[in-house]
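# Fold and contact review
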Amino acid sequence: MKFRLIGAFAALALLAACATTPKPTTTGAGATAATQGPVPGSQQDLVQNVGDRVFFAFDQSNLSEEAVGTLTRQAAWLQKFPEVKVLVAGNCDERGTEEYNLALGWRRANAARDFLVAKGVSPSRIETISYGKDRPVALGSNEQAWAQNRNAITSVQGFNPQAK
Amino acid sequence: MQGCLFSRRGLLAGSAALLMAPVVTIAQTSPGSGAESAVIDVNRAQAEPIPIAIPFFNAAGDKAADLAKGIAGVISNDLSGSGLFRPIDPSSFVQDAAAIATVPKWQDWKVIGARALVTGKVDQPTAGNVRVEFRLWDVLPEQQLQGTAYTTAASNWRRVGHMIADVIYERLLGEKGYFDTRIAYVSEAGPRSARIRRLAIMDQDGANSTFLTDGEWTVLEPRFHPTKNELAFLSYAGNRPRVYLFDLGSGRESLLGNFPGMTFAPRFSPRGEKVILSEAQGSGSAIVVVTLGSMSAVRLTDASAINTSPCYSPDGSQVTFNSDRDGSPQLYVMNADGSNPKRISYGQGRYFSPVWSPRGDLVAFIRQNGGSFGLGVMNTDGTAERILSEGFTVDSPTFCPNGRVIMFCRTTPATNATGAGHTSRLVSIDITGFNERMVETPTDGSDPAWSPLLS
């Protein structure tokens, strides 16, 4: 189930990324919420107002300036919503072996996690996972797609605004 | 994980209720010397496959006739698939196979160029059981090399064919065959954005493909136990990627060990009492050996770099593995206690997925060099590297039990942003680099694992 959710958000984010000016995307299910902006502390809030993912160079896990910016915003956002827990998933492009990419994806997730922790987010709020090359967000086989797929994606786990 | 029990019954039929009693040796005209003279050098045979005649077996009744035809087909397909045999077109046969009651009319088989002849007899099945008799003849010296009878459940007829093909292979080439084996693999279906991955298992020739898991969770990297009817594999069950064992008899899954993080890249030790795997820790991964039973874990490497894809040498004394400790992914060999790691890959490019040959003399690997991926083999000290096959990506080499053939996975690139054109297929190739073949699977496939001989 979780996979499907992450996939849906990923697709949304990709659409947004393709547009020249990011604009809120209205979809059937989330239409009511979307017209009023995303629920603070929700996945949608993270995607639209913070940025849910950082990108890496080929076979690298060091954080670019842009990645540092995104993760800094994520850390601040996580401190604003202390009840939110997240999963950081590390991913790779398809040009590597299954096993090596599992390790590389783990390393990327860990790089993002370590940064968030260094910025004061409690480690107990962050889970990490590696999907290796098995969860591409861009489905093509070219440099542009591979650049999108070398990432660490943060997703909100178990956030329930109704419970508050 | 209810879904993991999906195809239990199919498996039981295929394995637990095995062949009842093979090997009744039938009168063998000239034992000993005949066998020696029949051994043909495999490397020479590469250029000239052995011409062999496999007429349909004699059959006593309708049901038996279907089985006879099927069994002869399995044998012929196995032998021709090896690239080392050339089954002769039955339309050129002179002597009617049905007329071969005792001894063949040698001249009739010599004249069509047959070096070997396979004959046999299938009895009409009774109470679900069938008796299959076969004889292998060496045509030039005019002698019988082998005569064997198998009694089994009629539903096992394909296995009888594979077992006979193995006997033929061994008697004519002097080394054990690999036809009575299975392939575990990952079945991939659905669009690239939502790929469903299921553990699957099939006969070595692609027949009897069955799913073992229902696809709820991604699964990867099935690996056979050397003797027990069991797999190790990676499951994302509960969204936590960890190594599990899968009992092929009961369909039961059990978590291997108790590790806080991700475990992956499992392989059994040659005797099956241990599993060697990778454990993700911090920014790297360590190679760890888990002793089954006690579940005690011993670390062979630290996790200051990526250390993965460990694989034992067949004698269990060494381990080859993949590491980026020197800055890029390369191949290494260390002692089984983790001491004395030595890099063995020094060619151009990035190296991955080393797998030790069952013969002990070669390591198969994946090499990425610029834009292309290659499947290669090298000596265990890294010398004599050769690339056997290439592709957009290739991955997951696995040896057949005699080390003669490697199966692997090859992908094709997506041709547009929807992922169309992306495929993942299983391919086999002889270690000489000849006889590359697509392995038929009902869906796309990846991560093949070749089982040991079943009998």
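The structure presented is a predicted model; accordingly, all values stated were derived computationally and were not measured.

### Topic: the overall build of chain A
For chain A, the helix and strand inventory stands at 6 helices and 4 strands. Taken across its 164 residues, chain A has 47% of its residues classed as buried. Across chain A, the fraction of contacts at a sequence separation of at least 24, relative to all contacts at a separation of at least 6, is 70%.

### Some thoughts on the packing of helix 4 (residues 65-80) of chain A against helix 5 (residues 98-118) of chain A
Residue and element names in this part refer to chain A. As a packed pair, helix 4 and helix 5 sit with axes 9 Å apart at the nearest point and diverge in direction by 55°. Accordingly, the angle class assigned to the pair helix 4 and helix 5 is oblique. The handedness of the crossing between helix 4 and helix 5 is right-handed. The residues of helix 5 that touch helix 4, namely those facing Leu71, Gln74, Ala75 and Leu78, are Ala112, Phe115 and Leu116. Here the contact of helix 4 with helix 5 is built from residues that sort into 6 nonpolar, 1 polar and no charged.

### Description of helix 6 (residues 157-173) of chain B
All names here are of chain B. Between its first and last C-alpha atoms helix 6 spans 24 Å; for 17 residues at 1.5 Å apiece the expected length is 24 Å, and the two agree. Of all 17 residues that make up helix 6, 14 are buried, and the element is covered over most of its length. Just downstream of helix 6 lies Gly174, where phi reads positive at about 80°.

### Some points on the interface of chain A and chain B
Residue-level contacts link 23 residues of chain A with 38 residues of chain B. Sorting the residues of the side of chain A that touches chain B by element identifies helix 1 (2-18), helix 5 and strand 3 (126-132) of chain A as the ones contributing at least two each. Element by element, the count of residues in the side of chain A that touches chain B is highest for helix 5 of chain A, at 10 residues. Broken down by class, the residue content of the side of chain A that touches chain B amounts to 9 nonpolar, 7 polar and 7 charged.

### Regarding the domain arrangement of chain B
All names here are of chain B. Assigned domains of chain B: these are domain 1 (18-173) and domain 2 (182-450). Counting residues at the interface gives 6 residues for domain 1 and 8 residues for domain 2. Ranked by the residues each element gives to the side of domain 1 that touches domain 2, the list is headed by helix 4 (residues 62-81), at 3 residues. Taken together, the residues of the side of domain 1 that touches domain 2 sort by class into no nonpolar, 4 polar and 2 charged.

### Looking at the sheet that holds strand 11 (residues 219-224) of chain B
Backbone hydrogen bonds hold the strands of a sheet together, and the pairing may be parallel or antiparallel. Residue and element names in this part refer to chain B. Taken together, the 4 strands give an open sheet; going across it, the order is 11-12-13-14, and neighbouring strands pair in antiparallel fashion. If you trace the sheet from one side to the other, it starts and ends with strand 11 and strand 14 (253-255), each paired once. Taking the axes of each pair of neighbouring strands and ignoring which way they run, one obtains an average angle of 30° across the sheet. Bridge analysis of strand 12 (residues 230-235) against strand 13 (residues 242-247) gives 6 bridges, and the strand direction is antiparallel. Opposite Ser235, over in strand 13, you have Arg242 as the bridge partner.

### Thoughts on the sheet that holds strand 23 (residues 350-356) of chain B
Residues and elements named next belong to chain B. Spatially, the 4 strands line up as an open sheet ordered 23-24-25-26, and their pairing is antiparallel. Two strands close off the open sheet at either side, each with one partner strand: strand 23 and strand 26 (386-391). Along the sheet, successive strands turn relative to each other by an average axial angle of 25°, direction set aside. For strand 25 (residues 372-379) and strand 26, the ladder comprises 5 bridges, and the chain directions are antiparallel. Within the sheet, the bridge partner assigned to Gly376 lies in strand 26 and is Ile387.

### So, the pairing of strand 17 (residues 284-291) of chain B
All names here are of chain B. Across the 8 residues that make up strand 17, a large majority, 7, are buried. Pairing of strand 16 (residues 274-281) with strand 17 involves 8 bridges; the strand directions are antiparallel. For Val275, the partnering residue across the bridge sits in strand 17 and is Val290. Once strand 16 ends, the chain turns through 2 residues before running back antiparallel as strand 17, passing Gly282 with a positive phi of about 55°. Taken together, the 3 bridges between strand 17 and strand 18 (residues 297-299) define a ladder with antiparallel strand orientation. Note on strand 18: the bridge partner recorded for Val288 is Arg299. What sits between strand 17 and strand 18 in their antiparallel hairpin is a turn of 5 residues, with Gly293 showing a positive phi close to 90°.

### Topic: the nonpolar core
A general feature of soluble globular proteins is that nonpolar side chains tend to end up buried together. All names here are of chain B. Within the largest apolar cluster, 149 residues are counted, with the highest numbers of intra-cluster contacts made by Ile52, Ile71 and Ala116. Lining this core are residues from two domains, each supplying at least three of them: domain 1 (18-173) and domain 2 (182-450). In this structure Ala116 touches Ile50, Ile52, Leu136, Trp137, Asp138, Val139 and Leu172, once residues within four positions along its chain are discounted.

### Topic: the environment of Ala53 of chain B
Counting through the fold element by element, Ala53 of chain B comes out in strand 2 (residues 50-53). Taking the C-alpha atoms as reference points, Ala53 of chain B and Asp78 of chain B, separated by 25 residues in sequence, lie 13 Å from one another.

Thresholds, definitions, all that
Residues numbered from 1 in each chain as written. Chains lettered and ligands numbered in written order. Predicted model: local features only at pLDDT ≥ 70, side-chain atom pairs only at ≥ 80, totals over all residues. Helix = DSSP H or I, 4+ residues; strand = E, 2+ residues; numbered from the N terminus. Buried ≥ 20, exposed ≤ 12 C-beta atoms within 10 Å, placed from the backbone. Contact = placed C-beta atoms within 7 Å. Axes fitted to C-alpha atoms, helices over the stretch in contact; angles between N-to-C directions. Parallel < 35°, antiparallel > 145°, perpendicular 65-115°, else oblique. Left-handed = near helix turned anticlockwise from the far one by under 90°. Nonpolar A, V, L, I, M, F, W, Y, C, P; charged D, E, K, R; others polar. Expected span 1.5 Å × (residues − 1). Domains from an automatic or database assignment. Pairing = 2+ DSSP bridges. Core = buried A, V, L, I, M, F, W, Y, C linked by C-beta atoms within 7 Å.

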